[in-house]
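# Coordinate analysis (summary)
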Amino acid sequence: MAALMMGAAMSTQAQSEWFQNVKFSGYGMVQYQASDQDGAENNGFNLRLVRMALEGRAHQDFYWKVQMQINGNTYDPDKAKTDIRLVDLFGEWQKYEFFKVKAGQFKRPFTFENPMHPITQGFMSYSQNVSKLAGFSDRTGEQGSNGRDLGVQLQGDFLKDASGRNLLHYQVGVFNGEGINQKDKDNRKDIIGGMWVMPVKGMRIGAFGWTGSRAGVGEKNRYALSGEYTQDDWTFRTEYIHSQGWNSNFTSDKADGIYALCIAPIQKNKFHVKARYDLYREAKEWGRAKTFYEVGADYMFTKNLQINLEYARVNDRSLEKSDYNMVDVELDFRF
């Protein structure tokens, strides 16, 4: 009996250690979008994303998170709104600032924009190059994975200046290369990594690399060059991504894209205007280039509720009538 009581006490203690500071959170993004693209006019309401998450700490040094998406696969039209998906399930040992170890399913360490929260990212969608070349609606045809994969990653910050601010960050991981909730089908792993410098407060200048393969598709080699400055509620960000590998439907196995954006406060932490230039070239050909010229605004009623309005002039050179207009309105909330 004493042994049973001791076992129960130890079990209770272990459970309490695993569930320190547990937080339940979530967010939703309700969208109205309209387009006058010739021959493909459309308008309608949409649940862009609905997610719920649990996160907490164990033994002080270990952080964990579980996140579900409950409105289906928004990056795969054939599966849209038909399934509930696990998007994040990972733990990270965080004892040392300069050396952290993460394992499970989580965001690939590629580009600045990919790991950003969809609301704070700032626009009606992630940029085209991130969507096509970081594992959202990836050009290799993998299932829509919201930029995530299964693997193990090392990361850290180091080299502090006189004020105690870190000047360098690194991250490198080994992944299946198949996207979320998938086993490795070719027994070959993707290696993805990046490093950035932070010379002044609010600034990051980084470079990323990615080499790997996907079953039935072949090699993929990618790099990204990134810059960002965020200070006093201003945001400037630009990223160029180049990809080589996988040539199924195009004359070239290359693709690239670049975006540049600015988000400017009219009323700090309340009301912003914004603009983005977003170019993607499938097959790295100007004849297939697609460019978004976007302007918009957002207003935060509270820190957990905001509305966004955006207009885009689109130039898609692969279409007979290449120019058309889009309007996007979103109501975003967190809880």
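Being a predicted model, the structure only gives us computed values, none of them experimental. Every chain is numbered independently, its residues counted from 1 as its sequence is written. Given that the model is predicted, a residue must reach a pLDDT of at least 70 before its local features are reported, and side-chain atom pairs must reach 80 or more before they are shown or counted; all residues, however, enter totals for whole chains, interfaces and linings. With hydrogens and water set aside, each side-chain value is computed from the structure's full complement of heavy atoms.

### A few points about the overall build of the protein chain
In this text, helices come from DSSP runs of H or I with a minimum length of four residues, and strands from runs of E with a minimum of two, each type numbered from the N-terminal end. Of regular secondary structure, the protein chain possesses two helices and 16 strands. By sequence separation, contacts in the protein chain at least 24 residues apart represent 54% of the contacts at least 6 residues apart. Only heavy atoms enter the contact rule, under which two residues are in contact if any of them lie within 4.5 Å.

### Overview of the confidence of the model for the protein chain
Low-pLDDT stretches of the model should not have their predicted coordinates read in fine detail. On average, the protein chain scores 90 in pLDDT, and the residues at 70 or more come to 90%. Low pLDDT, under 50, characterises residues 1-12; the stretch is placed with zero contacts to residues that sit more than four places away or in other chains. Confidence scores labelled pLDDT are given residue by residue by the predictor and lie between 0 and 100.

### Some words on unusual backbone geometry
With a phi angle near 70°, Q60 is a residue other than glycine that sits in the positive phi range. Backbone geometry places N181, a non-glycine residue, at a positive phi of 55°. Here N181 lies in the loop between β7 (166-175) and β8 (190-197).

### Looking at a negative patch on the surface
The patches reported here contain residues having more than 30% relative accessible area and no salt bridge. Joining distances are 9 Å for like charges and 5 Å for nonpolar side chains (Val, Leu, Ile, Met, Phe, Trp, Tyr). Each accessible area is a Shrake-Rupley estimate made with a 1.4 Å probe; only the visible protein chains count as cover when residues are assessed. One speaks of a salt bridge when a side-chain nitrogen belonging to Lys or Arg is within 4 Å of a carboxyl oxygen belonging to Asp or Glu. Here Asp and Glu are counted as negative and Lys and Arg as positive; His is not counted, and neither are the chain ends. The atoms used to mark charge sites are NZ of Lys, CZ of Arg, CG of Asp and CD of Glu. A contiguous patch of negative charge, built from D36, D38, E41 and E320, is present on the exposed surface. For E320, a relative accessible area of 83% translates into the label exposed. Relative accessibility thresholds used throughout: buried, under 20% of the residue-type maximum; exposed, over 50%; partly exposed, between the two (1.4 Å probe, protein chains only).

### Observations concerning the packing of aromatic side chains
Ring pairs are drawn from Phe, Tyr and Trp, using the six-membered ring of Trp, whenever the two centres fall within 6.5 Å, and their geometry is named by plane angle: stacked under 30 degrees, edge-to-face over 60, tilted for the rest. Applying the stated criterion to the full structure yields 20 aromatic pairs. For the ring pair F112 and W196, a centre distance of 5.1 Å and an interplane angle of 85° mean the geometry is edge-to-face. Here W196 lies in strand β8 and F112 lies in the loop between β5 (99-107) and α2 (128-133), a separation of 84 residues in the sequence. The buried category is assigned to F112, whose relative accessible area is 3%. Residue class for W196 comes out buried when judged on its relative accessible area of 9%. Aromatic side chains Y126 and F136 sit 4.7 Å apart centroid to centroid with 40° between the ring planes, which places their arrangement in the tilted category.

### A few points about the nonpolar core
Definition used in this section: a nonpolar core is a set of buried Ala, Val, Leu, Ile, Met, Phe, Trp, Tyr and Cys residues joined via side-chain atoms within 4.5 Å. Within the largest apolar cluster, 25 residues are counted, with the highest numbers of intra-cluster contacts made by F110, V130, F208 and I241. Secondary structure elements with two or more residues in this core: α2, β8, β9 (203-214) and β12 (254-267). Looking at which element gives the most residues to this core, the answer is β12, with four residues. Setting aside anything within four residues of it in sequence, one finds F110 in contact with L133, A134, Q171, I192, F208, G209, W210, R222, Y223, A224 and I241. The next biggest cluster of nonpolar side chains, apart from the first, holds six residues, and it includes M124, A312, Y324 and M326.

### Digging into the pattern of salt bridges
Under the definition given, this model contains 18 salt bridges. For E113, the salt bridge is made with R237, and the minimal N-O distance between the two is 3.1 Å. Of the two residues, E113 is situated in the loop between β5 and α2 and R237 in strand β11 (residues 234-244); the sequence distance between them amounts to 124 residues. Accessibility assignment for this pair places E113 and R237 in one class, buried.

### Description of the pairing of β7
Taken across its 10 residues, β7 has seven buried, putting it largely inside the fold. For two strands to count as paired, DSSP must find a minimum of two bridges between them. Summarising the sheet, strand β6 (residues 148-160) and β7 pair through nine bridges and their orientation is antiparallel. Across the sheet, the residue bridging to K160 is N166, located in β7. Linking two consecutive strands that pair antiparallel, namely β6 and β7, is a turn of five residues; a positive phi of about 95° is found at G164 within it. Bridging between β7 and β8 involves eight bridges; their strand directions are antiparallel. When the sheet's bridge partners are listed, V172 is paired in β8 with G193.

### Comments concerning the environment of P118
When you line up the elements, P118 lands in the loop between β5 and α2. Sequence-wise, P118 and R48 are 70 residues apart; in three dimensions their C-alpha atoms are separated by 9.9 Å. Apart from the residues lying within four places of it in its own chain, the contact partners of P118 are Y27, M29, R48, L49, R51 and Y126.

### So, the pairing of β6
In summary, the side chains of a regular strand alternate between the two faces of the sheet. Where β5 and β6 come together, eight bridges link them in antiparallel fashion. Looking at β6, one finds that K100 is bridged to Q155.

### Concerning the environment of R214
The topology assignment puts R214 in strand β9. For the pair R214 and R188, spaced 26 residues apart in sequence, the C-alpha to C-alpha distance is 8.0 Å. Those residues in contact with R214, other than ones at most four positions away along the chain, are T140, G141, E142, G177, E178, D186 and K220.

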